[in-house]
Every structure is written in structure tokens, then in C-alpha cells.
Amino acid sequence: FPRDTSTAWEHQILTVVSIGAGVGLAMAVGATRLSSGATKLPLWRLVSPLALLCLLSTCVTPPAAQGLAWDAGAVTTGPITVPVILALGAGFVRGGDSGFGLVALASLFPVLSIAFS
């Protein structure tokens, strides 16, 4: 990571924006899946390739950013974020479908957004 203070500040802003963009993209993908009736697609078929992509992105991410990327995924499943994500999922659910896949997506997309930023 950069040692210059102005560059470090810019890096912090980029990190926060990347995590936010990752969660936003995850919510967009999850909401589209739930509202379009694409819930017939099993969740594991959506999450498994993303998890594999996260693991592969670790190989190309600089070592200093690997931990940050995985921590970004973990921090998005905190006590404030999860109820909001679950409430959003409950709003999009139709019939007996489950909106719990949104939390899985919200923890994978930030890993990718940090890894590729």
C-alpha cells in the first residue's frame, strides 16, 4: 500500500467506493433474480461460480490486498447490513421463494470488487 498520505487517502476512498459498488451490484443481481421470477435457477448455480471466481481472483490479487478483499466480504455481513439485506430480499420475494441468497451475494461481490480494483 502507498506510504504517501495523499495517495493513502485516495486509496481509502477507492476501497470504500469499491466495497459499496460491490454490495450495490450484488443487490442489483439478487433483486433482479428475485423480482424476475428467475428463482427457478438454483442459488448454488449462481453462488458457486462467483465463489470460484473469488478464489481465482486471490491468485492474481497482490498479496497486500488479498486479506483486505476477503475482509471486505466479511464486513458486509455485519449486524447492521444483514437485516437491511434480508428486508430487501423479503420485499422482492414472491410466493414461497427465499431471499436469503442476497446475503451470500453481498459477501462475494465486494471480494471481487476489491480484488479487481
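## Side note on the overall build of the protein chain
- Looking only at helices and strands, the protein chain has 5 helices and 0 strands in total.
- Classification of the 117 residues of the protein chain by burial places 34% in the buried group.
- Restricting to contacts in the protein chain with at least 6 residues of sequence separation, those with at least 24 account for 75%.
- About 6,800 Å² of surface is accessible on the protein chain, with carbon and sulfur atoms providing 71% of the total.

## A short note on the confidence of the model for the protein chain
- In this model, the protein chain carries an average pLDDT of 83, and 86% of its residues clear a pLDDT of 70 or more.
- Of all secondary-structure elements in the protein chain, the lowest mean pLDDT belongs to helix H4 (residues 81–92), at 82, while helix H2 (residues 43–60) reaches the highest, 91.

## Considering the environment of Ala115
- Tracing the sequence through the fold places Ala115 in helix H5 (residues 101–115).
- Since its relative accessible area comes to 12%, Ala115 is described here as buried.
- Residues Ala115 and Gln66, spaced 49 residues apart in sequence, show a C-alpha to C-alpha distance of 7.1 Å.
- Apart from the residues lying within four places of it in its own chain, the contact partners of Ala115 are Ser57, Thr61 and Ala69.

## As for the nonpolar core
- In terms of nonpolar packing, the biggest core is built from 21 residues, with Met27, Leu50, Ile85 and Leu105 touching the most fellow members.
- Contributions of two or more residues to this core are made by helix H1 (5–35), H2, helix H3 (63–75) and H5.
- Those residues in contact with Met27 that sit more than four places away from it in its chain are Ile85, Leu88, Leu102 and Ala106.

## What to know about the environment of Val103
- For Val103, the position within the fold is in helix H5.
- In this structure, Val103 is in contact with Thr77, Val82, Ile85 and Leu86, ignoring residues within four places of it in sequence.

## Focus on a nonpolar patch on the surface
- On the surface, Leu52, Leu55, Leu56 and Trp70 cluster together into a nonpolar patch covering about 400 Å² of accessible area.
- Examining the composition of the nonpolar patch, we find that 3 residues originate from one element, H2, more than from any other.
- Note on Leu52: relative accessible area 49%, which makes it partly exposed.

## Considerations on the packing of H3 against H5
- Packing of H3 against H5 brings their axes to within 7 Å, and their N-to-C directions diverge by 155 degrees. Considering the angle they form, H3 stands roughly antiparallel to H5. As for the relative orientation of H3 and H5, their crossing is right-handed in sense. On H5, the residues that touch Ala65, Leu68, Ala69, Trp70, Ala72 and Gly73 of H3 are Ser107, Pro110, Val111, Ile114 and Ala115.
- The class makeup of the residues in the contact of H3 with H5 is 9 nonpolar, 2 polar and no charged.

## Re the side chain of Ser18
- Among the secondary structure elements, Ser18 is positioned in helix H1.
- Those residues in contact with Ser18, other than ones at most four positions away along the chain, are Ser113, Ile114 and Ser117.

## Comments concerning the packing of H2 against H5
- Here H2 crosses H5 at 25 degrees, and the two axes come no closer than 10 Å. As far as their axial angle goes, H5 and H2 are roughly parallel. Of the two possible hands of crossing, H2 and H5 adopt the one that is left-handed. Contacts between H2 and H5 pair Leu43, Leu46, Val47, Leu50, Ala51, Leu53, Cys54 and Ser57 from the former with Gly101, Ala104, Leu105, Leu108, Phe109, Val111, Leu112 and Ala115 from the latter.
- Across the contact of H2 with H5, the residue classes tally to 14 nonpolar, 2 polar and no charged.

Thresholds applied
Residues numbered from 1 in each chain as written. Predicted model: local features only at pLDDT ≥ 70, side-chain atom pairs only at ≥ 80, totals over all residues. Heavy atoms only, no water. Helix = DSSP H or I, 4+ residues; strand = E, 2+ residues; numbered from the N terminus. Buried < 20%, exposed > 50% of the residue type's maximum accessible area, 1.4 Å probe, protein only. Contact = heavy atoms within 4.5 Å. Areas by Shrake-Rupley, 256 points an atom, 1.4 Å probe, with all protein chains shown as cover. pLDDT = per-residue confidence, 0-100. Core = buried A, V, L, I, M, F, W, Y, C linked by side-chain atoms within 4.5 Å. Patch = residues over 30% accessible without salt bridge, like charges linked within 9 Å, V, L, I, M, F, W, Y side chains within 5 Å. Salt bridge = Lys/Arg side-chain N within 4 Å of Asp/Glu carboxyl O. Axes fitted to C-alpha atoms, helices over the stretch in contact; angles between N-to-C directions. Parallel < 35°, antiparallel > 145°, perpendicular 65-115°, else oblique. Left-handed = near helix turned anticlockwise from the far one by under 90°. Nonpolar A, V, L, I, M, F, W, Y, C, P; charged D, E, K, R; others polar.

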